[in-house]
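Read off the chains here:
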Amino acid sequence: MNYKGGNSRKEFESFLKRVYGMVSTYSLSRYLPNRKLKDIKPGDVFVYPARNNAKYGHAVIVVDVALNTATGERAFLLAEGNTPARSIHILRNFAHPFSAPWFIVNGNESSLRLGPFLYYQNEIRHF
């Protein structure tokens, strides 16, 4: 969708309502291209589409990435919010409290536990 309402606040709000009604984890997982875990970058999104007849999915965004050049490991920070819209926060790594909030990967993982959700490697997307 392209916004064509000019400077009208009413038109802009109407446009946002239409966009918010169409955008979901389903549409993100369907239309955004995949990214390999070894190529993860800030701005990438882990998209958990609704599974097992669940109504909603979840998404978390990569806000920073660090590379250990000696080992090839990548550490990344994630942020999330919820619906309805809330302030975003940095996600904690409960699996490894000593590295929290950093998630550390070598790029070959087939899945990652990010908060309560299990994301598969093919669920990393980018804009």
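In this text the structure is predicted, and so the values were computed from the model without any measurement.

### Structural notes on the pairing of strand β1 (residues 45–48)
- The alternating pattern of β1 places Val 45 and Val 47 and Phe 46 and Tyr 48 on opposite faces, both of which are buried.
- Across two bridges, the pairing between β1 and strand β8 (residues 124–125) is antiparallel. The partner of Phe 46 across the bridge, within β8, is Ile 124.

### Some remarks on the nonpolar core
- Grouped together as the largest cluster of nonpolar side chains are 15 residues, with contacts concentrated most on Leu 37, Phe 46, Val 60, Phe 76, Leu 78, Leu 112 and Leu 114.
- Contributions of two or more residues to this core are made by β1, β2 (58–67), β3 (74–80), β5 (103–105) and β6 (111–114).
- What Leu 37 contacts, discounting residues up to four positions off in sequence, is Phe 46, Arg 74, Phe 76, Val 105, Gly 107, Glu 109, Leu 112, Gln 121 and Ile 124.

### Thoughts on the environment of Leu 118
- Among the structural elements, Leu 118 can be located in strand β7 (residues 117–120).
- A relative accessible area of 26% places Leu 118 in the partly exposed class.
- Considered as a pair, Leu 118 and Tyr 48 are 70 residues apart in the sequence and their alpha carbons are 7.9 Å apart.
- For Leu 118, the contacting residues outside a window of four places in its chain are Tyr 48, Arg 51, Ser 111, Leu 112, Arg 113 and Glu 123.

Reading guide: rules and limits
- Residue positions are counted from 1 within each chain, in the order its sequence is given.
- Given that the model is predicted, a residue must reach a pLDDT of at least 70 before its local features are reported, and side-chain atom pairs must reach 80 or more before they are shown or counted; all residues, however, enter totals for whole chains, interfaces and linings.
- Side-chain figures throughout are based on the complete set of non-hydrogen atoms in the structure, without hydrogens or water.
- Relative accessibility thresholds used throughout: buried, under 20% of the residue-type maximum; exposed, over 50%; partly exposed, between the two (1.4 Å probe, protein chains only).
- Secondary structure counts use DSSP, requiring at least four H or I residues in a row for a helix and at least two E residues in a row for a strand, with both numbered from the N terminus.
- Pairs of strands are assigned from DSSP output, requiring at least two bridges between the strands.
- Put simply, a nonpolar core is a bunch of buried Ala, Val, Leu, Ile, Met, Phe, Trp, Tyr and Cys residues held in one set by side-chain atoms that sit within 4.5 Å of each other.
- Any two residues having at least one pair of non-hydrogen atoms within 4.5 Å are treated as being in contact.

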